[in-house]
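# Architecture at a glance
Chain residues, written in single-letter form:
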Amino acid sequence: MPFLSILVVALMIVALIDVITRDNAQVKRLPKMVWIILVIFLPLIGSILWFALGREYSGGGIPMPRMPRRAAQTRVQTRTQTPANSRWAPPADSRNTEQQIADLDREIEEWRLRQEIEKRKQEGGDATQA
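Parameters and conventions
- Residues numbered from 1 in each chain as written.
- Predicted model: local features only at pLDDT ≥ 70, side-chain atom pairs only at ≥ 80, totals over all residues.
- Heavy atoms only, no water.
- Core = buried A, V, L, I, M, F, W, Y, C linked by side-chain atoms within 4.5 Å.
- Buried < 20%, exposed > 50% of the residue type's maximum accessible area, 1.4 Å probe, protein only.
- Helix = DSSP H or I, 4+ residues; strand = E, 2+ residues; numbered from the N terminus.
- Phe/Tyr/Trp six-rings, centres within 6.5 Å; stacked < 30°, edge-to-face > 60°.
- Lys NZ or Arg CZ within 6 Å of the ring centre and 35° of its normal.
- Axes fitted to C-alpha atoms, helices over the stretch in contact; angles between N-to-C directions.
- Parallel < 35°, antiparallel > 145°, perpendicular 65-115°, else oblique.
- Left-handed = near helix turned anticlockwise from the far one by under 90°.
- Contact = heavy atoms within 4.5 Å.
- Nonpolar A, V, L, I, M, F, W, Y, C, P; charged D, E, K, R; others polar.
- pLDDT = per-residue confidence, 0-100.
- Expected span 1.5 Å × (residues − 1).
- Arc of directions from axis to C-beta.
- Salt bridge = Lys/Arg side-chain N within 4 Å of Asp/Glu carboxyl O.

## A closer look at the nonpolar core
Counting nine residues, the largest nonpolar core consists of Met-12, Ala-15, Leu-16, Val-19, Val-27, Trp-35, Ile-36, Val-39 and Trp-50. The biggest single contributor to this core is helix H1 (residues 2–21), with four residues.

Put into C-alpha cells, the structure is as follows:
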C-alpha cells in the first residue's frame, strides 16, 4: 500500500510540473489554473485526466486545426510581437456575400467578353488570310 501512495504522489508531481511548464496554447479543455487545482485536490484522477485530456501532444498524429482562446493568443502576440501564422484568423475579405457574388458575376462577364474578342480576332484573321 505505501508503494501505491508513493506512485500516486510521483504521478501528481510529474503532472503538476507538466501543467506548470506547458504554454497556455498547449493546454486543452480547461484553463491552466483549473488543471493545477484539479491535480492537487484529486491527485490520481486529476493526473490521469491531465495526461489523457488536458495536454496537447506534439509530433505524431494528424494535426487538428482549432481556434485558440483570445487570452492565449494575445499573450503570445505580446510576448513575441509577431503574428502567429499557424493560428486561425478570420478572412481578410470584408465584402458581404452579395458583393462577392456581384464581383464574381462581373469577372465572369469580363472573361466571356475577352473570349468573344479573341474568337472574333481569330475569325477576322482567318477571313483576311483567305
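So, next bit.
## Here we look at the packing of aromatic side chains
All told, the structure shown has one aromatic pair when counted by the stated rule. With centroids separated by 5.5 Å and ring planes inclined at 65°, the aromatic side chains of Trp-35 and Trp-50 adopt a geometry described as edge-to-face. Of the two residues, Trp-35 sits in helix H2 (residues 32–41) while Trp-50 sits in helix H3 (residues 43–54), which places them 15 residues apart along the sequence. Geometry around Trp-111 places Arg-114 over its ring, the cationic atom sitting 5.5 Å from the centre.

## Some thoughts on the packing of H1 against H3
Two numbers describe a pair of packed helices, the interaxial angle and the distance between the axes. Interhelical geometry of H1 versus H3 gives an angle of 45° and a closest axis separation of 9 Å. When the axes of H1 and H3 are compared, the pair comes out oblique. In this structure, H1 crosses over H3, and the sense of that crossing is left-handed. Residues Val-8, Leu-11, Met-12, Val-14, Ala-15, Asp-18 and Val-19 of H1 form the contact with H3, whose own contacting residues are Pro-43, Leu-44, Ser-47, Ile-48, Trp-50 and Phe-51. Residues of the contact of H1 with H3, tallied by class, amount to eleven nonpolar, one polar and one charged.

## Points about the confidence of the model for the chain
A residue-level look at the chain finds 71% of positions with pLDDT of 70 or above and a mean pLDDT of 81. Of all helices and strands in the chain, the one with the weakest mean pLDDT is helix H4 (residues 70–80) (55), whereas H2 scores best (94).

## Let's talk about H3
For the α-helix, the turn length of 3.6 residues means that residues three or four positions removed from each other point alike. The terminal C-alpha atoms of H3 lie 14 Å apart, and with twelve residues this falls more than 12% below the ideal 16 Å at 1.5 Å per residue. Regarding H3, the residues found buried are Gly-46, Ser-47, Trp-50 and Gly-54. Projected down its long axis, H3 shows its buried positions confined to an angular sector of 100°, all on one face. Residues of H3 that are exposed and point over 90 degrees away from its buried face: Ile-45 and Ala-52. In this fold, the buried residues of H3 make contact with H1 and H2.

## Description of the pattern of salt bridges
Within the structure shown, the criterion is met by six salt bridges. Its salt-bridge partner being Arg-22, residue Asp-18 comes within 3.3 Å of it at the nearest N-O pair. Residue Asp-18 is classed as buried on the basis of its relative accessible area, which comes to 13%. Among the residues examined, Arg-22 registers a relative accessible area of 13% and is labelled buried.

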